[in-house]
Every structure is written in C-alpha cells, then in structure tokens.
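Each chain, letter by letter, is given below.
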Amino acid sequence: RPLSVAQIRDQLVTFIVAGHETVASALGWAWGLLAQHPQAADRIAAEAESVAPDRPISFGDYSELPFTRAVVEETLRLYPPAWLVTRRALDDDLIDGTQVPAGSLIIMSPWLLHRHPDLWPDPQAFQPERFLQAIPRFAHIPFGAGPRLCIGRDFSYVEAVMVLAQLVRQFTVALPSGHGLPVGEPLVTIRPRGGMPLLVAAR
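Residues numbered from 1 in each chain as written. Predicted model: local features only at pLDDT ≥ 70, side-chain atom pairs only at ≥ 80, totals over all residues. Heavy atoms only, no water.

Draft legend 1. Molecular detail of unusual backbone geometry. Notably, Asp122 is not glycine yet its phi reads approximately 50 degrees, a positive angle. The class of Asp122 is partly exposed, set by a relative accessible area of 49%. Residues other than glycine seldom take positive phi values, yet Phe138 does so here, at roughly 70 degrees. Its place among the elements puts Phe138 in the loop between α4 (110-113) and α5 (153-168). Among the residues examined, Phe138 registers a relative accessible area of 46% and is labelled partly exposed. (Buried < 20%, exposed > 50% of the residue type's maximum accessible area, 1.4 Å probe, protein only. Helix = DSSP H or I, 4+ residues; strand = E, 2+ residues; numbered from the N terminus.)

Here it is, written out as structure tokens:
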C-alpha cells in the first residue's frame, strides 16, 4: 500500500532527527579511533586529496572514498550508535528451536554481534581493511536488517564519509597525554563517558 501524506512526513522527520545524533555519535568515535591510529587518518587524507585535490569533497566523490567508508563501517562495528534493536512479536513464532509467544519483546544487540569472535577475527581491534572485502551477511547490522532497516542508512553513510574525508584532510587529532579512548556508556546511543577529549591541529 502507498504511504499516506502523514506517514511520509513521519518518515522524513525520523530520517532527519534520528540521523542527527547517531551520525554525530559515530563521527565522535571515529575521531577517537583515528587519534589512536594516525596511519588510518593519513590514509583517509591521502584518499581525499587524490579524489579532490583542489576543491571540497562533494556528493559525487562518495564512491571514490572506499577506505574512508571502511573506517566509518569499522567505527559502526565497534561503536554502533544503536547498540540495542527491539522488536515486538505480533504472533507466536519459533526461532532456532525457541518458542516466542505473541507479544514477546525481542532484543538484539549489534554491539555484541559486532564483537562476536565467531564472526570477526580479533574482534576488539580497529581494522578498517576488513570492510574492503565482503563480510558475512547479517554480521554487521548498525542500521538493523530486513524490511525494517533504518530509513536513514544511506543518508548516514554519505554524510559520515563526506564529513570525515573533508575534515581529516584538514586536521589531525591526538589523544591528550595520559588519556585513552573513553569507555562507551550505553544510553540511548553509545556515548563516550566523560566526552571525547582530543588535541586538534591543522594538517
């Protein structure tokens, strides 16, 4: 059935509002990870310069930034803003031998899935290169999966990749002396406890 005008409006509001904090959260974690891994930041900067040496990054450059996209993907693997995904069972069901009564609340955790050692070699390590090749389907679900996949997924990827490529080519980041990456605090989204203090300098 086609969507009503009210449903289209609701989807657009979700698209804009829900995609605002989640992308900001992912970019904050990306900066912290790049501060720990400056060689990855250098590679992003080189990629951005090769694509657009004399102008800002634009939408048309998105497909030419595979390593930057891989950094965003690996950030979303380690720190998925939506660390829990919930669904309500409308009818009785059977999932892998487990009875699920109608009305049950089903809770899935991308955070746990993305760090499962059966799916990800060295799961705690920041390795963007893993996303330069095919990965198992449903092993990486920062935006959910299936028919209820987040409507803002593609917008979020484009936004995060373009922002990261443009800023990393202009600035370097480092963690202050004595600071490591903050602990993730599971609120509505995964946020860095105490913020993300960084030393920023022109590249």
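Draft legend 2. Quick look at α5. Between its first and last C-alpha, α5 extends 22 Å over 16 residues, near the 22 Å set by a 1.5 Å rise per residue. Within α5, burial applies to Ser156, Tyr157, Val158, Ala160, Val161, Met162, Leu164, Ala165 and Val168. (Expected span 1.5 Å × (residues − 1).)

Draft legend 3. The arrangement of the packing of aromatic side chains in detail. The full count for this structure, using the stated rule, is 4 aromatic pairs. Pairing Tyr79 with Trp111 gives two aromatic rings, centres 5.9 Å apart and planes at 70 degrees, and the pair type is edge-to-face. Taken together, the residues Tyr79 in the loop between α3 (66-78) and β1 (85-88) and Trp111 in helix α4 connect sequence positions 32 residues apart. Trp111 sits in the partly exposed class, given a relative accessible area of 22%. Linked through ring pairs, Trp29, Tyr79 and Trp111 together constitute an aromatic cluster. Lying across the ring of Tyr79, Arg115 places its NZ or CZ 5.4 Å from the centre. (Phe/Tyr/Trp six-rings, centres within 6.5 Å; stacked < 30°, edge-to-face > 60°. Lys NZ or Arg CZ within 6 Å of the ring centre and 35° of its normal.)

Draft legend 4. Just the environment of Gln166, in detail. If you trace the backbone, Gln166 turns up in helix α5. The exposure class assigned to Gln166 is partly exposed, which follows from its relative accessible area of 21%. Each C-alpha atom, one on Gln166 and one on Arg77, is 22 Å from the other, the two residues being 89 residues apart in sequence. Not counting the four nearest positions on each side in its chain, Gln166 is found in contact with Pro56 and Ile57. One polar contact links Gln166 to Arg169, side chain to side chain, over a distance of 3.4 Å. (Contact = heavy atoms within 4.5 Å. Polar contact = N/O pair within 3.5 Å; in protein donor to acceptor, adjacent residues only side chain to side chain.)

It is worth stressing that arrangement in space is one thing and function is another; only the former is reported here.
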